[in-house]
Amino acid sequence: MGIQIAPSILSSDFANLESEIARLGDADLVHVDVMDNHFVPNLTLGLPVVEAILARTDRLIDCHLMIDEPDRWAPGYAEAGAHNVTFHAEAAAAPVRLARELRRLGARAGVGLRPATPVEPWADLLPEIDMLLVMTVEPGFGGQAFLDVCLPKIRRARELVSQAGLDIWIQVDGGVSAETIERCAGAGADVFVAGSAVYSAEDAAAAVTELRALAQKAAPGH
């Protein structure tokens, strides 16, 4: 798929989600952060809002579930029609079973890793998933500063995927901007979540275009 940009609506105007999503130009995905005030100390939105978004846009929806009990709740997002459903490694009781269920329901299955969660334990489970999400901030709030200490993890994730010969997306989320996206792309990420970097720009569509160009220029083998 090459480089993909997934703007996060966490930084958008929640009272005008339909028009805010329409501002995103040629973005590849729309990233929706679901937070339950348990797994992370913030409360955002849930399945009814995601269902409303899906009913009003043809864009591909990328759901990032920062919630407890994803084994119970995540399949509902796949059933609703989300393109990707990402649950957290730290929260899932039976991650392989959950990933298989998400795929069965027609979604791509993603696994999210907090900054302190290592990627190596997932090496043997990579065939069961479609995307690894490396958090480059502590999940919970938008607008945080990018954590450079996560760059080696992105490199290790890309190495593990390459060694396994798999087509798995590596997504980064947290502090991604024009100042940091090249480092992420250079380390091997190919899907980039950007919230405030897109929605705080005067022209959100132009911001998406700029981020894509920077990532493509920095990607290995460019």
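Right above here is the structure, for reference.
For clarity, every value in this text was computed on a predicted model and none was experimentally measured.

S.K.: Would you take a moment to explain the overall build of the protein for this structure?
M.R.: Looking only at helices and strands, the protein features 8 helices and 8 strands. Here the C-alpha radius of gyration of the protein, 16 Å, is about what a compact globule of 222 residues would show, namely 17 Å. Considering only C-alpha atoms, the protein reaches an extent of 45 × 40 × 30 Å along its principal axes. For the protein, with 222 residues in total, the buried portion stands at 54%. Across the protein, the fraction of contacts at a sequence separation of at least 24, relative to all contacts at a separation of at least 6, is 63%. Taken as two groups, the 17 positive and 31 negative side-chain charges of the protein have centres that lie 4 Å from each other.

S.K.: Could you clarify how one ought to interpret helix α3 (residues 70-80) in this entry?
M.R.: Residues three or four positions apart in an α-helix share a direction because the helix packs 3.6 residues into each turn. Among all positions of α3, only Pro70, Ala74, Pro75, Gly76, Tyr77 and Ala78 are buried. Tucked inside the fold, the buried residues of α3 contact β2 (30-35), α2 (47-56), β3 (61-66), β4 (84-88) and α4 (95-104). Just beyond α3, the residue with positive phi is Gly81, at close to 115°.

S.K.: What's the story with the packing of α3 against α4 in this structure? I'm lost.
M.R.: Two packed helices can be described by the angle between their axes and the distance between those axes. Interhelical geometry of α3 versus α4 gives an angle of 15° and a closest axis separation of 9 Å. Our classification of the angle between α3 and α4 gives roughly parallel. The way α3 lies across α4 gives a crossing that is right-handed. Here Pro70, Asp71, Ala74, Pro75 and Ala78 of α3 lie close against α4, whose contacting residues are Leu98, Glu101 and Leu102. For the contact of α3 with α4, a count of residues per class yields 6 nonpolar, no polar and 2 charged.

Definitions and cut-offs
- Residues numbered from 1 in each chain as written.
- Predicted model: local features only at pLDDT ≥ 70, side-chain atom pairs only at ≥ 80, totals over all residues.
- Heavy atoms only, no water.
- Helix = DSSP H or I, 4+ residues; strand = E, 2+ residues; numbered from the N terminus.
- Rg over C-alpha atoms; globule rule 2.2 N^0.38 Å.
- Buried < 20%, exposed > 50% of the residue type's maximum accessible area, 1.4 Å probe, protein only.
- Contact = heavy atoms within 4.5 Å.
- Lys, Arg positive; Asp, Glu negative; His and termini not counted.
- Charge placed at Lys NZ, Arg CZ, Asp CG, Glu CD.
- Axes fitted to C-alpha atoms, helices over the stretch in contact; angles between N-to-C directions.
- Parallel < 35°, antiparallel > 145°, perpendicular 65-115°, else oblique.
- Left-handed = near helix turned anticlockwise from the far one by under 90°.
- Nonpolar A, V, L, I, M, F, W, Y, C, P; charged D, E, K, R; others polar.

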